[in-house]
Amino acid sequence: MIKINSITKRYPTITALDNISLNVNKQEFFGLLGPNGAGKTTLMNLLVGYLNPDQGDIHIAGEKVTQDGLHTRKNIGLVPQSLALYDDLSAQDNLDIFGSFYHIEKNLLKERIKEKLESVQLYERRKDKVKTFSGGMKRRLNLVASMLHDPPILLCDEPTVGIDPQSRNAIFDYLLMLNEQGKTIVYTTHYMEEAERLCKRIAIIDFGKIIAEGTIDELIEKLPYDETILITKNQVTKGKIDLLKSFGSVVDEDDHFQLKPNAGFQLSQFFSSLEKNTISYKFVELHKPTLESYFLHLTGRRLRD
Amino acid sequence: MKTILQLIRKDYKLFWSDRRAVTMTFIIPIALIIIWGAVFGNLNKGGTATKLHIAFLNNSTSPIGKKIERVLDSSKTFVLIKTYKDENDKRIPFDTASIQNFVRKGSVSAALVIPADALSDTAFGLKLKFYYDPKNDLEMQMIEGMLQKTIMSEIPDIFMQGMKNKAVKFLGLDSGKAFNNEIAKTVGKYFKIDPKWITNPPVDSLLSMAGGSDSAKNSFFQNILQLDKVQLVGQDIANPWATRSVGGWAMMFLLFTLTATSSALFEEKKSGVVLRLLASPISRVQILWSKYLYNMSLGFIQLLILFSAGALLYQIDIFSNFINLVLIIIAAATACTAFGMLLSSISRTAGQANGYGMFLILAMSSIGGAWFPTSFMPDFIQTISKFTIVYWSMDGILQVLWRGAGIFDILPHIGILIGIAVLITSISIWQFKKGHVF
Ligand SMILES: Nc1ncnc2c1ncn2[C@@H]1O[C@H](COP(=O)(O)OP(=O)(O)OP(=O)(O)O)[C@@H](O)[C@H]1O
Ligand SMILES: [Mg+2]
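Rules of the game
Residues numbered from 1 in each chain as written. Chains lettered and ligands numbered in written order. Predicted model: local features only at pLDDT ≥ 70, side-chain atom pairs only at ≥ 80, totals over all residues. Heavy atoms only, no water. Pairing = 2+ DSSP bridges. Helix = DSSP H or I, 4+ residues; strand = E, 2+ residues; numbered from the N terminus. Axes fitted to C-alpha atoms, helices over the stretch in contact; angles between N-to-C directions. Donors = N, O, S within 2.8 Å, 3.2 Å for Na, K, Ca; no water. Buried < 20%, exposed > 50% of the residue type's maximum accessible area, 1.4 Å probe, protein only. Core = buried A, V, L, I, M, F, W, Y, C linked by side-chain atoms within 4.5 Å. Contact = heavy atoms within 4.5 Å. Near = heavy atom within 4 Å. Polar contact = N/O pair within 3.5 Å; in protein donor to acceptor, adjacent residues only side chain to side chain. Areas by Shrake-Rupley, 256 points an atom, 1.4 Å probe, with all protein chains shown as cover. Buried area = accessible area lost by both parts, 1.4 Å probe. Salt bridge = Lys/Arg side-chain N within 4 Å of Asp/Glu carboxyl O. Patch = residues over 30% accessible without salt bridge, like charges linked within 9 Å, V, L, I, M, F, W, Y side chains within 5 Å. Parallel < 35°, antiparallel > 145°, perpendicular 65-115°, else oblique. Left-handed = near helix turned anticlockwise from the far one by under 90°. Nonpolar A, V, L, I, M, F, W, Y, C, P; charged D, E, K, R; others polar. Right-handed = clockwise from strand over helix to strand, strands pointing away. 1 Å grid on protein atoms, 1.4 Å probe; cavity = no way out; pocket = protein on both sides within 12 Å on 5 of 7 lines; lining within 4 Å. Points joined across faces, edges and corners; volume = space filled by probe spheres on them. pLDDT = per-residue confidence, 0-100.

**Quick look at the sheet that holds strand β5 (residues 110-114) of chain B**
Residue and element names in this part refer to chain B.
Step number 1: Pairing within the open sheet is mixed, and its four strands lie in the order β2-β1-β5-β6. In this open sheet, the two edge strands, each paired with only one partner strand, are β2 (78-81) and β6 (129-132). Neighbouring strand axes in the sheet, compared pairwise and without regard to direction, differ in orientation by 30° on average.
Step number 2: In this structure, strand β1 (residues 52-58) lies alongside β5, joined through four bridges in parallel fashion. Residue pairing in the sheet places Ala-55 in a bridge with Ala-111 of β5.

Written out as structure tokens, the structure reads:
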């Protein structure tokens, strides 16, 4: 459905995307996970033809994306990272305006607007100005404003930043439902929990490069260990840091040490060693590895600081 | 095309939803026009609506002194203050010292004193004392000018009296009288006045004239100094001052509006709406076109409304030459729109656009003649002013409203305005292509 072929995009001072290639399949829920400034938004803007790449090309549903080619855009709905709404107009007027550019038949557009407003629980507030909305309400409106032409592909650029868990869950459920109905969704985020919950397949992007790609299970399997071990930071454990290091690499975190075990690591051996050094089991916690640990493993940094 | 119309519709919807924009575009300009009309309205009627206050003291016993007092008292231009209030709130007539004090304290700008020897044998004319406070030059010049005008035109025999006194003094009583008669004959011959009237002016008829009667035409003064003023242009204009100024104001407001609307592009960019629009089947060119057409039409509507307000409030006649007015307004709106688009193409933020805009508008308006006529300005400024949109728009509007110019008279103006529009539009398109804005 989406073919990204060796894309490079440079800004005057920085190379935002460096020779990126990706494929997104039809009806896939694809996640693009990366920290701030990784290049996620830049890639989205290239996908809709808002920006021109310096090298490479992008094809969507077989058609090449260009700045002047307006036709591919009918297949895409872009949910911008910023709240791209007219604050001084009502929710309904906003949708009316954004829908009008797709030349949808008048009554059909009216019907769609009603349906979309209802699906994100904003129908009651349709006559209110957007500036009177809460952050979560604006996010929900921002989402449906991109979908009035019922596009087969939805590009969501961090559609849940800065909102309450309730609105976030509503958006998740809505997107999962759309995906089930057959829409292809590309979803950018720097929350690995979001990617884990929503996406079947993800790509991890860092400094403009794809550093990993695959299903979540595939990625985690590539880790040389099955779990991470958290050890509470206190007087006792602080003194035994060398002991911990003999079992794997240790990352010093705020209130605990995170141990990523070496190959051949055995839990029983680890625990008996703790016992000998009078470190209570109370201070030790086992964790299944996550995308977060995978990112840490690849980059030595956390997704978010 | 349909997309462009949809975009324009969107911009108008946004405009109406923004109460501040509507106020700034229509209400405030009309309010300012009303205020300025009230402030400057007098210029139009020759200063008759307000009277100039001056302190006045007559120490002379001569009939001339009395006459001056009466003339000034009854004039439409002056109000004479002859007393002041002391600490006990009692009204006390001025004397030579207190009247000077009165001016010094700033209670009034000027004082006129007719001294006891106002009309001495030795003096050629009349001796008056004028005390003033130069805090306001313009007012001073006005008072002085009006005083001279009033006294001279209403009491011309003062000069004859002075002249006769001089002649008698130099030539002795008898030959002096003879000379006076000769002079009177000569003067009468050349100025077509009865010599008897000169040697012995009919003071009573002069006094009746002093009240401003319509026989003032025959006054001696006017016969001597005949300045035939014939207005060649604009004699049928109901409100000349407003008609001359309305173009300048309108242009300034138009530029302000278009600066504001062009900075709206930055708001749309900042919020990400531009990205949303360009992610729909809309091209950059379409957005630019829609902005041009929207701004032009809004500017046109604004000018039309401002001129209609002028027509309603000040009887500016916009209808007798309406088609040409519309043409010049369209040209002006086009040029101003191009100006607004240039601003948004060279700025990076709305604040920057507004800043540049403010500077350029004020510079162009003052140099272009929106505030005062360019003919008052130094030559090199007059040359510069020909490079401003304001100058050509104003002059075109003036031609249409004032001289009733036809289409061929304003073609140069329209041509130059469109030329300016084309020129600065190419600059802004070149800038837009660089991609700073989108
Ligand atoms: N218009 C621009 N001009 C110059 N540099 C830019 C521009 N837009 C983005 N960048 C730079 O390109 C890099 C990638 O930015 P991008 O917005 O794509 O990151 P992102 O992954 O979306 O980040 P975030 O999670 O914060 O949204 C950043 O270093 C950013 O500073
Ligand atoms: Mg981003």
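**Quick word on the coordination of the magnesium ion (ligand 2)**
All names here are of chain A.
Step number 1: At the metal site, the magnesium ion (ligand 2) is ligated by Thr-41 (OG1) and Gln-81 (OE1), and these contacts range over 1.8 to 2.1 Å. Here Thr-41 is found in helix α1 (residues 40-47), whereas its partner Gln-81 is found in the loop between β6 (76-79) and α2 (91-100), with 40 residues between them in sequence.
Step number 2: A relative accessible area of 29% means that Gln-81 is categorised as partly exposed.

**Let's talk about the nonpolar core**
Step number 1: Counting 90 residues, the largest nonpolar core has A:Ile2, A:Ile4, A:Leu141, A:Leu155, A:Leu175 and B:Leu277 as the members making the most contacts within it.
Step number 2: Of the residues forming this core, the biggest block, six residues, is contributed by helix α12 (residues 273-279) of chain B.
Step number 3: Apart from residues no more than four positions distant in its own chain, A:Leu155 is found in contact with A:Ile2, A:Met44, A:Leu47, A:Val48, A:Ile76, A:Gly77, A:Leu78, A:Val79 and A:Val186.

**Remarks on the site of ligand 1**
Residues and elements named next belong to chain A.
Step number 1: Around ligand 1, a shell composed of 14 residues is seen, among which Gly-37, Lys-40, Thr-41, Thr-42 and Glu-158 lie nearest.
Step number 2: The contact in question runs from an oxygen atom of ligand 1 to an N or O atom on the side chain of Gln-81, over 2.9 Å.
Step number 3: For ligand 1, whose unbound accessible area comes to 620 Å², protein coverage reaches 64%.
Step number 4: Those elements that provide at least two residues to the shell around ligand 1 are β2 (14-24) and α1.

**A look at the interface of chain A and chain B**
Step number 1: Counting residues at the interface gives 28 residues for chain A, matched by 27 residues for chain B.
Step number 2: Of the roughly 2500 Å² buried where chain A meets chain B, counting both sides, 62% is carbon and sulfur surface.
Step number 3: Linking chain A with chain B are three salt bridges, by the criterion used here.
Step number 4: The salt bridge partner of B:Arg9 is A:Asp96, with a shortest N-O separation of 3.7 Å.
Step number 5: When residues in the side of chain A that touches chain B are grouped by element, the largest group, five residues, is from α2(A).

**A look at a nonpolar patch on the surface**
Residues and elements named next belong to chain B.
Step number 1: A contiguous nonpolar surface patch, about 490 Å² in accessible area, is contributed by Ile-323, Leu-327, Ile-407, Phe-408 and Leu-411.
Step number 2: Among the elements of the structure, α14 (322-346) and α18 (407-434) are those that each provide at least two residues to the nonpolar patch.
Step number 3: At three residues, α18 tops the list of elements feeding residues into the nonpolar patch.
Step number 4: Positionally, Ile-323 belongs in helix α14.

**What about α1(A)?**
Step number 1: Of all the eight residues making up α1(A), seven are buried; the element is thus mostly covered by neighbouring parts of the structure.
Step number 2: Two residues or fewer after α1(A) comes A:Gly49, characterised by a positive phi angle close to 85°.

**Here's the deal with the sheet that holds strand β9 (residues 201-206) of chain A**
Strands in a sheet are paired, the pairing made by backbone hydrogen bonds, and the direction either parallel or antiparallel.
Residue and element names in this part refer to chain A.
Step number 1: Spatially, the six strands line up as an open sheet ordered β6-β7-β8-β3-β9-β10, and their pairing is mixed. The open sheet terminates on both sides in strands that have one partner only, identified here as β6 and β10 (209-215). With strand direction ignored, the average angle separating the axes of adjacent strands in the sheet is 15°.
Step number 2: Bridge analysis of β6 against strand β7 (residues 153-157) gives four bridges, and the strand direction is parallel. The partner of Gly-77 across the bridge, within β7, is Leu-154.
Step number 3: Those strands touched by α1 are β3 (29-33), β6, β7, β8 (184-189) and β9, and its axis lies near 150° from that of β7.
Step number 4: In this fold helix α5 (residues 165-180) packs onto β3, β7 and β8, with an angle of close to 150° to the strand it touches most, β8.

**Let's talk about the packing of helix α15 (residues 350-368) of chain B against helix α17 (residues 389-402) of chain B**
All names here are of chain B.
Step number 1: Following both chains from N to C, one finds α15 and α17 inclined at 45°, their axes separated by 8 Å at the closest point. Taken together, the axis directions place α15 and α17 in an arrangement best described as oblique. As α15 packs across α17, the resulting crossing turns out to be right-handed. Residues Met-364, Ser-365 and Gly-368 of α15 form the contact with α17, whose participating residues are Ile-389, Val-390, Tyr-391 and Met-394.
Step number 2: Split into classes, the residues belonging to the contact of α15 with α17 amount to five nonpolar, two polar and no charged.

**Observations regarding the pattern of salt bridges**
Step number 1: Inspection of every chain in the model, using the stated rule, returns 21 salt bridges over all chains.
Step number 2: A salt bridge links A:Lys40 to A:Glu158; the shortest N-O distance between them is 3.7 Å. Of this pair, A:Lys40 sits in helix α1 while A:Glu158 sits in the loop between β7 and α5; the two residues are 118 residues apart in sequence, bridging distant segments of the chain.
Step number 3: Look at A:Lys40 and you get buried, because its relative accessible area is 4%.
Step number 4: The salt bridge partner of B:Asp11 is B:Lys10, with a shortest N-O separation of 3.5 Å. The pair formed by B:Asp11 and B:Lys10 is uniform in burial state, with each residue classed as buried.

**So, the pairing of β2(B)**
All names here are of chain B.
Step number 1: Burial along β2 is one-sided: Phe-78 and Leu-80 are buried, while Val-79 and Ile-81, pointing the other way, are not.
Step number 2: As judged from the four bridges shared by β1 and β2, these two strands associate in the parallel manner. The residue bridging Leu-52 from the neighbouring strand is Phe-78, located in β2.
Step number 3: In the classification by handedness, the crossover that spans β1, the intervening helix α3 (residues 63-74) and the parallel β2 is right-handed.

**Quick look at empty space enclosed by the protein**
Step number 1: Tallied over the full model, the rule gives four cavities of 30 Å³ or more.
Step number 2: By volume, the largest cavity amounts to about 70 Å³.
Step number 3: In this structure, the largest cavity is lined by A:Ile76, A:Gly77, A:Leu78, A:Phe98, A:Tyr102, A:Ala145, A:Ser146, A:His149, B:Arg276, B:Ala279 and B:Ser280.
Step number 4: Listed by contribution, the elements that provide at least two residues to the lining of the largest cavity are β6 of chain A together with α12 of chain B.

**A word on the side chain of A:Thr42**
Residues and elements named next belong to chain A.
Step number 1: The residue Thr-42 is located in helix α1 in this model.
Step number 2: Owing to a relative accessible area of 9%, Thr-42 belongs among the buried residues under this scheme.
Step number 3: In this structure Thr-42 touches Lys-9, Tyr-11, Ala-16, Leu-17 and Leu-51, once residues within four positions along its chain are discounted.

**Observations regarding the confidence of the model for chain B**
Residue and element names in this part refer to chain B.
Step number 1: Residues at a pLDDT of 70 or more form 75% of chain B, whose mean pLDDT is 78.
Step number 2: Here helix α10 (residues 220-224) is the element of chain B with the lowest mean pLDDT, 42, and α12 is the one with the highest, 93.
Step number 3: Across residues 44-49, confidence stays below pLDDT 50; counting only partners more than four residues off in sequence or on other chains, it has six contacts.
Step number 4: This model gives residues 203-229 a pLDDT under 50, and the stretch forms 32 contacts once residues within four places in sequence are excluded.

**Observations concerning the packing of α14(B) against α18(B)**
All names here are of chain B.
Step number 1: Axis separation between α14 and α18 bottoms out at 8 Å; the angle between their running directions is 20°. On the basis of their axis angle, the class for α14 and α18 is roughly parallel. Between α14 and α18 lies a crossing of left-handed hand.
Step number 2: Residue composition of the contact of α14 with α18, grouped by class: 19 nonpolar, eight polar and no charged.

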